[in-house]
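# Breakdown of the fold
For reference, the chains in residue letters:
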Amino acid sequence: MQQMHDLMNCTLPGTVRRVLARVLAEAASLTAWQALDSGQPATSWRYYETAKAAARESEDPAVLAYVSAEQIYVLMDSDRRREALAIITAINHGKTGSLPPLLRSWLWAAEAEVHAALGEKTQPRKALDRAFAILPSESHDPALPFLMLDQTHLLRWRGHCLARLGDTQAINDLTASLNEIIPLGLGRTECGLRTDLALAFTTRGEHTLAREQAKSAAVLSERSGSLRQRARLKRYFGSRVLLEGQKVK
């Protein structure tokens, strides 16, 4: 990322500089997410600020919308959910008509997650309905190489929101998406899914199934080194489940 930053600063204004700025924005956003996953929210915030500055210089509204929206997760993890909501709603209710449908679907799903984190019952479902309605049948957009979203991932997102709201209907969405995710080898994604399933099973009173899913999630979090997911598991199920995951590892 630093190398990209230095190259951009040595480039004259014009097409090449804008392209470099876009690449820097994407790299800084990825670095920010890695920092957040490693339990470094302050560092993550700084990288997102770099990503937004580069996105503005790139003059690409899609990249700017994406990196600005992704920054809300730093606020979410810092229990500043109202501020996160203010940012994502400002983006979604701004001039998004020119943005690619795939990105607009992602933005509405992100807003749904913030509403769910705040314990709101109606707004998450409305936002998710919009996300599903906008989601294009073609999940790959060459203009958005940094964005992975399809029906399976959106089902996972809806399941996550419903699990946070204590709605056991989340189990159907999470189970369906888990079966699709496992073969892909996405360890952090699978960890989050199993954590959500454990939460949903707990709500339904199926504590044995909940413990099995939490234990599997703990193993995956240990393997991937995701401090963010481990913190979430500890918050919901206590330290014991993390110790069990270490033993299985």
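Residues numbered from 1 in each chain as written. Predicted model: local features only at pLDDT ≥ 70, side-chain atom pairs only at ≥ 80, totals over all residues. Heavy atoms only, no water.

Below, the discussion takes up the overall build of the chain. Helix and strand counts for the chain come out as 14 helices and 0 strands. Sequence-ordered secondary structure for the chain, helices as α and strands as β, is α-α-α-α-α-α-α-α-α-α-α-α-α-α. What you see for the chain is a C-alpha radius of gyration of 19 Å, in line with the 18 Å of a compact globule of 249 residues. In the chain, which comprises 249 residues, the share counted as buried stands at 49%. (Helix = DSSP H or I, 4+ residues; strand = E, 2+ residues; numbered from the N terminus. Rg over C-alpha atoms; globule rule 2.2 N^0.38 Å. Buried < 20%, exposed > 50% of the residue type's maximum accessible area, 1.4 Å probe, protein only.)

A few words now on the packing of helix α3 (residues 41–58) against helix α4 (residues 61–70). Helix packing geometry: the angle between the two helix axes and the distance between the axes. Here α3 crosses α4 at 165°, and the two axes come no closer than 9 Å. Between α3 and α4, the crossing angle belongs to the class labelled roughly antiparallel. Pair α3 / α4 crosses with left-handed handedness. Seen from α3, the contacting residues are Y48, A51, K52, A55 and R56; seen from α4, they are V63, L64, V67, S68 and E70. Class assignment for the residues of the contact of α3 with α4 results in 6 nonpolar, 1 polar and 3 charged. (Axes fitted to C-alpha atoms, helices over the stretch in contact; angles between N-to-C directions. Parallel < 35°, antiparallel > 145°, perpendicular 65-115°, else oblique. Left-handed = near helix turned anticlockwise from the far one by under 90°. Contact = heavy atoms within 4.5 Å. Nonpolar A, V, L, I, M, F, W, Y, C, P; charged D, E, K, R; others polar.)

Let us now look at the packing of aromatic side chains. Per the counting criterion, the structure on display carries 5 aromatic pairs. Centre to centre, the rings of W106 and W157 are 5.9 Å apart; their planes meet at 65°, and the pair counts as edge-to-face. Pair noted here: W106 is in helix α7 (residues 101–117) and W157 is in helix α9 (residues 151–164), with a separation of 51 residues, a long-range link. Here the two residues W106 and W157 agree in accessibility, since each one is buried. Taken together, Y66, W106, F146 and W157 form an aromatic cluster joined through their ring pairs. A cation over an aromatic ring shows up here: R235 above the ring of Y236, its NZ or CZ 5.4 Å from the ring centre. (Phe/Tyr/Trp six-rings, centres within 6.5 Å; stacked < 30°, edge-to-face > 60°. Lys NZ or Arg CZ within 6 Å of the ring centre and 35° of its normal.)

On to unusual backbone geometry. A positive phi angle is found at E59, which is not glycine, with a value near 60°. Mapped onto the elements of the fold, E59 is located in the loop between α3 and α4. Judged by its relative accessible area of 60%, E59 is exposed. Positive phi, close to 60°, is recorded for D79, a residue that is not glycine. If you trace the backbone, D79 turns up in the loop between α5 (72–77) and α6 (81–92). By relative accessible area, D79 is classed as exposed at 57%.

Summed over the entire model, instances satisfying the criterion amount to 15 salt bridges. Taking the shortest distance from any N to any O, the salt bridge between E26 and R22 comes out at 2.8 Å. Highlighted residues: E26 and R22, both in helix α2 (residues 15–37), separated by 4 residues, approximately one helical turn. For D196, the salt bridge is made with R232, and the minimal N-O distance between the two is 2.2 Å. With D196 in helix α11 (residues 187–203) and R232 in helix α13 (residues 227–237), the pair connects residues that are 36 residues apart, well separated along the chain. When its relative accessible area of 10% is taken as the criterion, R232 is described as buried. Taken together, the shared-partner salt bridges connect R22, E26 and D60 into one network. (Salt bridge = Lys/Arg side-chain N within 4 Å of Asp/Glu carboxyl O.)

So, about the environment of L242. Following the sequence through the fold, L242 ends up in helix α14 (residues 239–248). With 28 residues separating them in the primary sequence, L242 and A214 have C-alpha atoms 8.7 Å apart. Those residues in contact with L242 that lie beyond four places of it in its chain are A218, S221, R230, L233 and K234.

A word on the state of the cysteines. One pass over the structure, following the stated rule, counts 0 disulfides. Sulfur of C161: no disulfide; nearest cysteine sulfur belongs to C191 and is 17 Å away. Residue C161 is classed as buried on the basis of its relative accessible area of 1%. Given the relative accessible area of 1%, C191 is considered buried. (Disulfide = S-S within 2.5 Å.)

Function-wise, these values are silent; they only describe arrangement.
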